[in-house]
Amino acid sequence: MATSARKRRGVVVAPLRGALPATTEKRSYYTQPYKTAMRAILIGKSMPGMRVQDALALYDFVRAQPWVASDRISLVGRGNLGVIALYATALEPRIARTVANGTVLSYLELVRTPQLPEPHVDIIIPGVLQDLDLSDLAAQAGRGRVVLLDPVDVEGKAVT
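Residues numbered from 1 in each chain as written. Predicted model: local features only at pLDDT ≥ 70, side-chain atom pairs only at ≥ 80, totals over all residues. Heavy atoms only, no water.

Engineer: Which residues make up the sheet that holds strand S3 (residues 74–78), and what values go with them?
Structural biologist: Here three strands make up an open sheet; going across it, the order is S3-S4-S5 and the pairing parallel. Strands with a single pairing partner mark the edges of an open sheet, and in this sheet they are S3 and strand S5 (146–149). Going from strand to strand, the sheet's axes swing by 15° on average, the running direction of each strand aside. Packing of helix H3 (residues 80–91) onto the sheet brings it into contact with S3, strand S4 (97–101) and S5, and relative to S3 it is tilted by some 150°. (Pairing = 2+ DSSP bridges. Helix = DSSP H or I, 4+ residues; strand = E, 2+ residues; numbered from the N terminus. Axes fitted to C-alpha atoms, helices over the stretch in contact; angles between N-to-C directions. Contact = heavy atoms within 4.5 Å.)

In structure tokens form, the structure reads like this:
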């Protein structure tokens, strides 16, 4: 955690469950993130569900700190962790704002891809499109609470 005494701002950085460092493995669909996501499904859970639980626990911890203005806590998620930040903000109305940086915009777009790009295996929730897509999370969070910074398509290319 870093703080600035003058502006009274702080940053808390914490790895979420299963958020592994990038690897150089080249075997498609058998990388460590894939194996971790599949193990979660085998025990009846999903990586996004467990990571959202972690993010909300971290939010509660930060909110309880005496130096924190509890009404000014924001989340920032890069890549697939932007999806986790969207879920957390949709579920927790006290989160002031979320920035999803370099995040895909739609589960439906992932489904329409002939082969799911391996980097997205850890945001998959079985049956999710029966209930919602990622744009629904932003709508649930509320107007002005979500910033989509440099969104990408399923191949990781910038969306205009």
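Engineer: Any details on unusual backbone geometry? Residues and values, ideally.
Structural biologist: Backbone geometry places Asp-150, a non-glycine residue, at a positive phi of 50°. You can see Asp-150 is positioned in the segment after S5.

Engineer: How would you sum up H3? Please name residues and give values.
Structural biologist: An ideal rise of 1.5 Å per residue puts 16 Å on twelve residues; H3 measures up with 17 Å between its terminal C-alpha atoms. Burial within H3 is extensive, with ten of its twelve residues counted as buried. Looking only at H3, the buried set comprises Asn-80, Gly-82, Val-83, Ile-84, Ala-85, Leu-86, Tyr-87, Ala-88, Thr-89 and Ala-90. The elements touched by buried residues of H3 are helix H2 (47–63), S3, S4, helix H4 (107–112), helix H5 (134–141) and S5. (Expected span 1.5 Å × (residues − 1). Buried < 20%, exposed > 50% of the residue type's maximum accessible area, 1.4 Å probe, protein only.)

Engineer: I'd love a proper account of the packing of H3 against H5, names of residues and values included.
Structural biologist: Packing of H3 against H5 leaves a shortest axis separation of 8 Å and a crossing angle of 40°. Classified by the angle their axes make, H3 and H5 are oblique. Where H3 crosses over H5, the handedness of that crossing is left-handed. Taken together, the residues of H5 that come into contact with H3 (itself represented by Val-83, Leu-86, Tyr-87, Thr-89 and Ala-90) are Leu-134, Leu-137, Gln-140 and Ala-141. (Parallel < 35°, antiparallel > 145°, perpendicular 65-115°, else oblique. Left-handed = near helix turned anticlockwise from the far one by under 90°.)

Engineer: Please provide a residue-by-residue account of the side chain of Thr-98, values included.
Structural biologist: Inspection of the secondary structure assignment puts Thr-98 in strand S4. Thr-98 gets classed as buried once you look at its relative accessible area, which sits at 0%. Filtering out sequence-adjacent residues up to four positions away, Thr-98 remains in contact with Leu-75, Ala-85, Leu-86, Thr-89, Arg-145, Val-146 and Val-147.

Engineer: Tell me about the nonpolar core, residues and numbers included.
Structural biologist: Counting 25 residues, the largest nonpolar core has Val-83, Tyr-87, Val-104, Tyr-107, Ile-123, Leu-134 and Leu-137 as its most contacted members. Taken together, the elements giving at least two residues each to this core come down to H2, H3, H4 and H5. Sorting elements by how many residues they give to this core places H3 first, with seven residues. Beyond its immediate stretch of four places on either side in the chain, Leu-134 contacts Val-83, Val-104, Leu-105, Ser-106 and Tyr-107. (Core = buried A, V, L, I, M, F, W, Y, C linked by side-chain atoms within 4.5 Å.)

Engineer: Break down the layout of surface pockets for me, citing the residues and quoting the values.
Structural biologist: Reported here for the largest pocket is a volume of approximately 920 Å³. If you trace the largest pocket, you find 25 residues lining it, with Val-11, Val-12, Ser-74, Leu-75 and Val-76 closest to the centre. Those elements that place two or more of their residues in the lining of the largest pocket are strand S2 (9–11), H2, S3 and H3. No other element matches the five residues that S3 contributes to the lining of the largest pocket. (1 Å grid on protein atoms, 1.4 Å probe; cavity = no way out; pocket = protein on both sides within 12 Å on 5 of 7 lines; lining within 4 Å. Points joined across faces, edges and corners; volume = space filled by probe spheres on them.)

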